[in-house]
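Observations on chain architecture
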Amino acid sequence: MAEEIYFDKKEQLQIVQNSLLPDETVFAVYDGKDVGTGFIGLTDRRVILQDNSFAGGRVAVTSVPYSKVTAVSYASNASVFGRFTEETTVAIHTSHGTYEVLLRGSDKAKHTHDVILHYVVHA
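First things first, this report covers the structure right here in the doc.

Criteria and thresholds
- Residues numbered from 1 in each chain as written.
- Predicted model: local features only at pLDDT ≥ 70, side-chain atom pairs only at ≥ 80, totals over all residues.
- Heavy atoms only, no water.
- Core = buried A, V, L, I, M, F, W, Y, C linked by side-chain atoms within 4.5 Å.
- Buried < 20%, exposed > 50% of the residue type's maximum accessible area, 1.4 Å probe, protein only.
- Helix = DSSP H or I, 4+ residues; strand = E, 2+ residues; numbered from the N terminus.
- Contact = heavy atoms within 4.5 Å.
- Arc of directions from axis to C-beta.
- Pairing = 2+ DSSP bridges.
- Axes fitted to C-alpha atoms, helices over the stretch in contact; angles between N-to-C directions.
- Salt bridge = Lys/Arg side-chain N within 4 Å of Asp/Glu carboxyl O.

Grouped together as the largest cluster of nonpolar side chains are 18 residues, with contacts concentrated most on Ile40, Leu42, Val47, Leu49, Ile92, Leu103 and Ile116. Elements represented by at least two residues in this core include exactly β2 (26-31), β3 (37-43), β4 (46-54), β6 (69-75), β7 (87-94), β8 (97-104) and α2 (106-121). Every residue in contact with leucine 49, bar those within four places of it in the chain, is listed here: Phe39, Ile40, Ala60, Val61, Thr62, Val64, Ile92, Tyr99 and Val101. Core analysis: the next-biggest nonpolar cluster, separate from the first, contains six residues, Leu13, Val16, Val26 and Phe39 among them.

Okay, here's the thing in structure tokens:
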């Protein structure tokens, strides 16, 4: 039985599914809320990021293998009651820079963080 795939938009999931390597499994594709990021996809091998603000008005799809991730973090503003806001940023750090994605909901950000951390620690 196949594991459930979490996603916000079917067309974003299809982009990721169409770019999978043989025997690669997709876990989630979450819509990015900030202007440049189209989505973040999580597989068992890499993070896939769509950047809608690439030079020249082009759209770039970037793959970051988990072996190249040096750290992952997520940050959200806490409310007066100690709950996270509905917008949470996930940062993926590599030796070449940091990719940030603003997600809708701290649950999606935590899931993204935890999947990446799992594969970085167990790589």
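Before going further, it helps to spend a moment on helix α1 (residues 10-18). Considered for burial, the residues of α1 that qualify are Gln12, Leu13 and Val16. Buried positions in α1, seen along its axis, are confined to an arc of 100° and lie on one side of it.

Let us look at the sheet that holds β7. Ordered in space as β6-β7-β8, the three strands form an open sheet in which the pairing is antiparallel. At either margin of the open sheet sits one strand with a lone partner, and together these are β6 and β8. Averaged over all adjacent pairs, the angle separating strand axes in this sheet is 15°, with direction ignored. Against the sheet, α2 touches β6, β7 and β8, its axis set at about 160° to β6.

The subject of this paragraph is the pattern of salt bridges. Considering all chains together, one arrives at five salt bridges under this definition. Lysine 9 is the salt-bridge partner of aspartate 31, the closest N and O atoms lying 3.6 Å from each other. Here aspartate 31 is found in strand β2, whereas its partner lysine 9 is found in the loop between β1 (6-7) and α1, with 22 residues between them in sequence. According to the relative accessible area criterion, aspartate 31 is buried, its value standing at 8%. Take lysine 9: its relative accessible area is 35%, and that puts it in the partly exposed class.

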